[in-house]
Amino acid sequence: MTDTSTSPPGREVEPPKEERPGRLTRSLLPLGVVAAVVVGLVLVYTVGGKEPGQVTQSIATGLLLGGVYALVSVGLTLIFGVLGIVNFAQGAMLTLAMYLVYEIVVSGGVPVYLATLLAIPVMFFFGVVVQAALLNRLTMAGNEEGPLLVTLGLSLLIINVLLMVFGGRPKRVPTSVDGSFHVLDAIVSWERLIAFVGALLVAGALTLILRGTSFGLSIRAVSANTQGASLVGVDVRRIYAMTFGIGSACVAVAGGLMAPFLSLTPTVGEQFTILAFIIVVLGGLGSVIGAVVGGLIIGLVQTVGALYLPGTGSLILVFAVFVLVLFLRPQGIFGVKQ
Amino acid sequence: MTVLAERSPHVGSDDPRLKDRSTARTCVALVVVLAVAAVLPLVVDEQTETIAVRTLIFAIMAVGWNLMSGYGGMFSFGHAAFFGIGAYTDAYLLVEHGISPWISMVVGAAISAAAGTIIAFLCLRYRLAGAYFALATFAFAEVFLLWVQNLDFLRRTEGFNVPLLPANSWSMMQFEQGSHLYYWIPLAILGVGLFGTVAFVSSRVGQYAQAVRDDEVAAASLGIPVMRVRLLTVALSCGFTSLAGSFYTQYYFFVGPEQAFGSAVSVNAIIPAVIGGIGTLWGPLVGALVVGPLSEWIANVLREPPAFLDFLQGVTGLDVAVYAVLLIVIVLFMPKGIYGTLRDRFRP
């Protein structure tokens, strides 16, 4: 299920260079998708009727935005791949992480990126508790709607408790890193670049954990065959709780990295739930690299699309991609047909 | 009671197992409940009536949602799409073309049923089930929201105001403020929905739908046309939900994208049914009776909080937080909902 054994992330923009023969047919589609994206961008440049500088800018913005999307989606895809549940509270947990970082920065006087590091264990613990206390029983029973409803309730609860505590007024996280620099014709802000690099690091670290450690092996075993894994002595409940914790920790990183350039309201993370879901479907359920590639594609679609459809119009394009994927390849780019 | 059962075209099968008297009993109970509900506005004050109307809108949506998600087993997280289609069809036809809301209701229900069928077909074609199906429907509801916000003829984010008429008008479904008709009309719609649910459940299609929900493969192997049954269930559910939207526009005289297609609307359709009991006739009703007055009740508590709740004064968000906790607790500890659990306890 987890596709983590293909190529490591960070290389997703260019095609993987070494291929084992058995994977050749499976890797053709990702190649095709990347090629299609490149061709699409070239078309926008040549016959799109927009200024090249403008296009370069939106590509840069799109890739950086996509990195952030990827970060939220990686957690979601991991939880989905291993536990088989869609975490509807992913966006709300992102908001929670942002407020946590905000609180640490404001009351502790800690720089934002250090606060992010502090938020990671807290959110990890939060995730473990949520899974162990609320979801494990339902997950073990193979109930699909139950976890969805519980996470829906959790999402509403987090948003409204934040509303009760912090109020609805937008807040800004003070940050020391500021400014921007130029790449080609595009302006890139440092904050967004740091978020992008952070996303790749997290995806890389996650892949290393999943592939290289015995803990990762247990997670993959549970994902592939829950019963088999428990027969050979894997504590499935523990793995479930840890996986949800890791998914939640990913959101903590995402929240901390995004907090500097978003204004905080209790509903700021809400849109990410559905975007992350679309990205996970596009990339393939349970695939970490799929989430990264999907995130980058969706980021590009949104910003380059915004050249032609301003405002919320470009989100319609994102949903169009989603419907197209449902139609043509519901298992996603890196997914395996079940 | 038996007379009713024999008159009903759906129950008169020869198979003795299908000859249940419970349907007749249910119908009698429904008539009693609706009759009691009908005299309610004559004895309560205006503010309570407003809450009752909102509760009725909740109940209509939940009954619609329950058809597809409870009896059909296809969990929808995007019923805002169908509520919104009803609300906007009504608003658009009334404001731009002066067409009677009664006609718009039918038109809206038809459009909504068609849209629901297409969406469900797209999702079911690839056997999207469970959570995957739920989130796909959620995504479609978001698409509708974005569309409306970007379409000029639907006035983008401005929404529609229903023009006020100088006098009462049945044809335009507009009455003086505080008229009991604003309560009786949704009650009648709810009645149609509840009797419709009874008829559906005991009909052949309804039985098929439940068989498909419980075991798709077994149902298909018995020759049940799985896809057709499912799509029919979806069409009924979506069409009915849109009626709630049409009435909403008429009652509040305004509809905007968020009120019609926002994700909160989908949640409002789900929560009463889940709290009351998924896949039961009375569940959505019980749930709506809990959820409808809850926010009012909490607002009352907050206005003059007891000493130990003083810190909550002037805080927004508590009502939804309470819903959320209620939802989590019910799903974890009473998965059949309030009605379902009570029924199981008191049934021999």
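Look up a bit, the structure's there.
Bear in mind that the values here come from a model prediction, so they are computed numbers and not experimental data.

**Q** How do you make sense of the overall build of chain B when you look at a structure like this?
**A** Scanning chain B from terminus to terminus reveals 15 helices and 2 strands. For 348 residues, the compact-globule formula gives about 20 Å, and the C-alpha radius of gyration of chain B, at 20 Å, lands near that figure. Summarising its shape, the C-alpha atoms of chain B cover approximately 55 × 50 × 40 Å along the three principal directions. Out of the 348 residues in chain B, the part that is buried amounts to 54%. Of the accessible surface of chain B, which amounts to about 15,600 Å², a share of 64% is contributed by carbon and sulfur atoms. Chain B carries 19 positive and 22 negative side-chain charges, and their two centres are separated by 14 Å.

**Q** When you look at the layout of surface pockets in this model, what are you seeing that I'm missing?
**A** Gaps left between atoms show up when a probe the size of a water molecule is rolled over them. Residue and element names in this part refer to chain B. Of the pockets and cavities examined, the second largest pocket occupies roughly 1,300 Å³. Along the wall of the second largest pocket there are 46 residues; nearest its centre are Glu258, Gly262, Ser263, Ala264 and Val265. Across the lining of the second largest pocket, the residue classes break down as 27 nonpolar, 14 polar and 5 charged.

**Q** Looking at this model, I keep getting lost on empty space enclosed by the protein. Mind explaining?
**A** Residue and element names in this part refer to chain A. Tallying each qualifying case throughout the model produces 2 cavities of 30 Å³ or more. Approximately 50 Å³ is the volume found for the largest cavity. Residue composition of the lining of the largest cavity, by class: 8 nonpolar, 4 polar and no charged. One number sums up the size of the second largest cavity: a volume of about 40 Å³. For the lining of the second largest cavity, the secondary structure elements donating two or more residues are α2 (52-83) and α6 (190-212). Considering each element in turn, the lining of the second largest cavity owes the most residues, 4 residues, to α2.

**Q** So what exactly am I meant to see when it comes to the nonpolar core here?
**A** One recurring pattern in soluble globular proteins is that nonpolar side chains are buried together. Counting 212 residues, the largest nonpolar core has A:Phe277, B:Phe77 and B:Phe247 as its most contacted members. Excluding residues that lie within four positions of it along the chain, B:Phe247 makes contacts with B:Val53, B:Ile57, B:Met105, B:Met173, B:Tyr182, B:Ile185, B:Pro186 and B:Ile189. Formed by 7 residues, the second largest nonpolar core is a distinct cluster that contains A:Leu41, A:Val55, A:Ile59 and A:Val304.

**Q** Could you clarify how one ought to interpret a nonpolar patch on the surface in this entry?
**A** All names here are of chain B. On the surface, Val39, Leu40, Leu42, Val43 and Trp184 cluster together into a nonpolar patch covering about 460 Å² of accessible area. It is helix α2 (residues 22-43) that provides the largest number of residues to the nonpolar patch, a total of 4 residues. Considering the arrangement of structural elements, one finds Val43 in helix α2.

**Q** I would appreciate a short explanation of the interface of chain B and chain A in the present structure.
**A** Frequently, the measure chosen for interface size is the accessible area removed from exposure when the parts meet. With 42 residues of chain B at the interface, the matching set in chain A holds 36 residues. Roughly 3,600 Å² is buried in total at the junction of chain B and chain A, and carbon and sulfur atoms are behind 82% of that figure. The largest contributions to the chain B side of the interface with chain A come from B:Tyr132, B:Leu135 and B:Leu332, which together make up 19% of the buried area. Applying the counting criterion to the chain B and chain A interface returns 1 residue pair in polar contact (both at pLDDT 80 or more). Elements supplying a minimum of two residues to the side of chain B that touches chain A: α5 (101-125), α6 (130-150), α12 (263-276) and α14 (318-333) of chain B. In terms of residues, the side of chain B that touches chain A owes the most to one element, α6(B), which gives 15 residues.

**Q** Is there a simple way to think about the environment of B:Leu326 in this case?
**A** All names here are of chain B. One can find Leu326 in helix α14. Each C-alpha atom of the pair Leu326 and Ile275 lies 7.7 Å from the other, and the pair is 51 residues apart in sequence. Beyond its immediate stretch of four places on either side in the chain, Leu326 contacts Ile275 and Val290.

**Q** Got a minute to help me understand the environment of B:His180 in this structure?
**A** Residues and elements named next belong to chain B. By secondary structure assignment, the location of His180 is in the loop between β1 (160-161) and α7 (181-202). Taking relative accessible area as the criterion, His180 reaches 26% and is therefore assigned partly exposed. For His180 and Phe83, which are 97 residues apart along the polypeptide, the C-alpha to C-alpha distance reads 23 Å. Dropping the residues within four chain positions of it, His180 is found in contact with Pro41, Leu42 and Glu49.

**Q** Hey, could you run me through helix α5 (residues 145-166) of chain A in this one?
**A** Because an α-helix packs 3.6 residues into every turn, residues spaced three or four apart end up facing the same way. For α5(A), which comprises 22 residues, the first-to-last C-alpha distance of 31 Å matches the rise-based estimate of 32 Å (1.5 Å per residue) to within 8%. Note on α5(A): the residue one or two positions beyond its end, A:Gly167, has a positive phi of about 75°.

**Q** Looking at this structure, how should I read the packing of helix α12 (residues 313-328) of chain A against α6(B)?
**A** Geometry of a packed helix pair, given as the angle between the helix axes and the separation of the axes. Relative orientation of the contacting elements α12(A) and α6(B) amounts to 145°, with a least axis distance of 10 Å. The handedness of the crossing between α12(A) and α6(B) is left-handed. Between α12(A) and α6(B), the residues in contact are A:Gly313, A:Leu315, A:Ile316, A:Phe319, A:Phe322, A:Val323 and A:Leu326 and B:Tyr132, B:Ala136, B:Ala139, B:Phe140, B:Glu142, B:Val143, B:Leu146, B:Trp147 and B:Asn150, respectively. Grouping the constituent residues of the contact of α12(A) with α6(B) by class yields 13 nonpolar, 2 polar and 1 charged.

Parameters and conventions
Residues numbered from 1 in each chain as written. Chains lettered and ligands numbered in written order. Predicted model: local features only at pLDDT ≥ 70, side-chain atom pairs only at ≥ 80, totals over all residues. Heavy atoms only, no water. Helix = DSSP H or I, 4+ residues; strand = E, 2+ residues; numbered from the N terminus. Rg over C-alpha atoms; globule rule 2.2 N^0.38 Å. Buried < 20%, exposed > 50% of the residue type's maximum accessible area, 1.4 Å probe, protein only. Areas by Shrake-Rupley, 256 points an atom, 1.4 Å probe, with all protein chains shown as cover. Lys, Arg positive; Asp, Glu negative; His and termini not counted. Charge placed at Lys NZ, Arg CZ, Asp CG, Glu CD. 1 Å grid on protein atoms, 1.4 Å probe; cavity = no way out; pocket = protein on both sides within 12 Å on 5 of 7 lines; lining within 4 Å. Points joined across faces, edges and corners; volume = space filled by probe spheres on them. Nonpolar A, V, L, I, M, F, W, Y, C, P; charged D, E, K, R; others polar. Core = buried A, V, L, I, M, F, W, Y, C linked by side-chain atoms within 4.5 Å. Contact = heavy atoms within 4.5 Å. Patch = residues over 30% accessible without salt bridge, like charges linked within 9 Å, V, L, I, M, F, W, Y side chains within 5 Å. Salt bridge = Lys/Arg side-chain N within 4 Å of Asp/Glu carboxyl O. Buried area = accessible area lost by both parts, 1.4 Å probe. Polar contact = N/O pair within 3.5 Å; in protein donor to acceptor, adjacent residues only side chain to side chain. Expected span 1.5 Å × (residues − 1). Axes fitted to C-alpha atoms, helices over the stretch in contact; angles between N-to-C directions. Left-handed = near helix turned anticlockwise from the far one by under 90°.

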